[in-house]
Amino acid sequence: MVGPGRQERSWIRGAQAGSASDLEALFREHWPRAHRAAFLVVQDGAAAEDIAQEAFLAAVRNLDRFDRKRPFGPWLHRIVVNRAIDWARARALRRETAAVDAGDEYDTGDLGTFSEGVAAGLASLPPEHRAVIVLRYLLDYTPGEIADLLDLPRGTVNSRLRRGLDRLEELIDRERR
Amino acid sequence: MRSETPLQRELQRIQAPDEIDALRRAWPLVRAALDAREPIAWPRRNLRPLFAVAVAVVILAAAVSPPGRALVGSVRDAVGTEKKMKARPALTSLPAPGVLLVNASNGPWLVRADGSTRRLGPWSEGSWSPQAKYVVVTRNHQLAAIDPNAMGAIRWTLSRSATVHDARWAPDGFRVAYLNGRELRVVAGDGTGDGVLRARVGTTPPAWRPTADHELAFSTLDGRIELVQTDSAETLWRTLPREPATQLVWSEDGERLLVLSETSLRAFTADGRKLWEIGLPVGPSGVAFVRKSHRFVMIRFAPATGRSDLVLLQAEANRGEPRFLYSAPGDFGTLAMSPNGMWLLVGWVKADQWLFLRVEGVKAKAVSNIVEQFGGSTAGVPLEKAFPKSLSWCCPASP
């Protein structure tokens, strides 16, 4: 992973010393991608907002322990994506218990401008696979970095990527035809 | 940046719903978390390696000299002080003067400032009279006023046809409102003149308006909130129908009313004007006013993470940025403000603990084994069923 830029190091240093303006700069820089990543994994607007918010709160509470030489993004994304996976798993369990109709299985109503094909494809993947796709193609991590972030063997990351991609490419192609 | 694939382009196009507003909502909380933490000053952070060296020197000194051993003793004392911040196994005292009325799974209990506890007889639940001279208690079809200072002696009692619950004593002591099934009834403070106020109402506990002349807020069957003058039975105002309220709480001066529901919190003025409304995620929640103010503490549960936060807001037209007070995994079940307004008691269900938090500051005390201390048991019973369900810290009693 590439180290943080000078600007980010300065924001982190300032935030650690209690500067609200530096924290705000860091927050504005990282919020959109953290929020989007959570949304793509959980596919629920309210939950995504809660997860991104909680991840930032956790990050702020542990700010003093953060090593400024490391980039802030992976630290935050690890929290966001792991919490999003936990939430999505919990929801799946609740749905099993509630035995809802199959048609209600995934809520894609909040996806906005996202192509229907990709939306349906992502929704049809298990949350762990969604997380790997999001880390690779939205947040631009390499498979090795993803393996580190999720504490997974690299082979597992690659197989999840391959399977997820096959499904998504198929749906995107179908949509184009 | 690696070369862009069609999938990457699709993913990059996505915006999470309500992205800008979500950012605006999140920032005050993140900012508050920065204020709430105890920042380690720069010099202290840089002194960590030096401290490690100093500790090594102390250990070495202890091994070779009596003064060194004394120094190690003082370090051990400092660590012991830190341990005292951990949860105490039993409630040995309250951090502020006053008496707690605890509605536990097996009925009402009193906790005095010295930590002594006493069960108030075979009743289901209880509520303070204004100066804590009496407690109004209920059980099945029975309503009674008992004297907590005379071994729970019964002063008067009434029996009704349905299940009696959620009795509340008016601030002047001359009226008691209670629910008899779905019927809202009012009786005089001496147990006479019992009568129906409304035939069918919602299940929310009614709330007397402090400083007013027998004005009572209650919820209707269709989810309205109504303020009624109980002597004339005249409706002073009512809201539009909404989802059922779970809690009605007045500020101490009677000028603000908070209406908590499953998914929202609304703030009203005493004349029924809505100041604001905020949406809440479904989950445990609760509110308690800070004494002599329109500020209040709210439990905010985040279902995505399973954590509960305590945040401070104000029941004014501008509710202000939420100030973050505390956070923990699981549910916060109960809230009560100490009579001197300095401490907040929070029931932390998942940990079977009570947390005493200073409202202005970072001090916190925790007491564990709460269920057991109030005669309950968690064997075969979910903790949330066994944990005390409500508290009131007197006097004046917290709502």
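For the structure itself, consult the block above.
Presented here is a report on the structure given in the accompanying data block. Keep in mind that this is a model prediction, so the values were computed, not measured.

Rules of the game
Residues numbered from 1 in each chain as written. Chains lettered and ligands numbered in written order. Predicted model: local features only at pLDDT ≥ 70, side-chain atom pairs only at ≥ 80, totals over all residues. Contact = placed C-beta atoms within 7 Å. Helix = DSSP H or I, 4+ residues; strand = E, 2+ residues; numbered from the N terminus. Nonpolar A, V, L, I, M, F, W, Y, C, P; charged D, E, K, R; others polar. Pairing = 2+ DSSP bridges. Buried ≥ 20, exposed ≤ 12 C-beta atoms within 10 Å, placed from the backbone. Core = buried A, V, L, I, M, F, W, Y, C linked by C-beta atoms within 7 Å. Domains from an automatic or database assignment.

**Concerning the interface of chain B and chain A**
Alright, step 1. With 34 residues of chain B at the contact, the number on the chain A side is 42 residues.
Alright, step 2. Contributing elements (two or more residues each) for the side of chain B that touches chain A: α1 (6–13) and α2 (19–36) of chain B.
Alright, step 3. In terms of residue class, the side of chain B that touches chain A is built from 22 nonpolar, four polar and eight charged.

**Some thoughts on the sheet that holds strand β14 (residues 225–229) of chain B**
Alright, step 1. The four strands lie next to each other as β12-β13-β14-β15 (chain B), forming an open sheet whose pairing is antiparallel. Each having just a single partner strand, β12 (207–208) and β15 (234–238) of chain B make up the two edges of the open sheet.

**Quick notes on unusual backbone geometry**
It is generally the case that most residues other than glycine have a negative phi and that most peptide bonds are trans.
Residues and elements named next belong to chain B.
Alright, step 1. Cys394 connects to Cys395 through a cis peptide bond whose omega is 5°.
Alright, step 2. In this fold, Cys395 is placed in the segment after β28 (390–394).
Alright, step 3. In this structure, Lys292 takes a positive phi of about 50° despite not being glycine.
Alright, step 4. Exposure remark for Lys292: the 10 C-beta atoms within 10 Å place this residue in the exposed category.
Alright, step 5. Unusually for a residue other than glycine, Asp352 sits at a positive phi of about 55°.
Alright, step 6. Within the secondary structure layout, Asp352 lies in the loop between β25 (343–348) and β26 (353–358).
Alright, step 7. Since 20 C-beta atoms lie within 10 Å of it, Asp352 is described here as buried.

**Here's the deal with the nonpolar core**
Alright, step 1. Judged by nonpolar contacts, the single largest core of 145 residues is most densely connected at Ala38(A), Ile51(A) and Val80(A).
Alright, step 2. Top contributing element to this core by residue count: helix α2 (residues 20–42) of chain A, with eleven residues.
Alright, step 3. Residue assignment places this core across two domains, with domain 2 (88–119 + 243–399) and domain 3 (121–240) of chain B each supplying three or more.
Alright, step 4. In this structure Ile51(A) touches Ala38(A), Val42(A), Val80(A), Arg83(A), Ala84(A), Trp87(A), Ala304(B) and Thr305(B), once residues within four positions along its chain are discounted.

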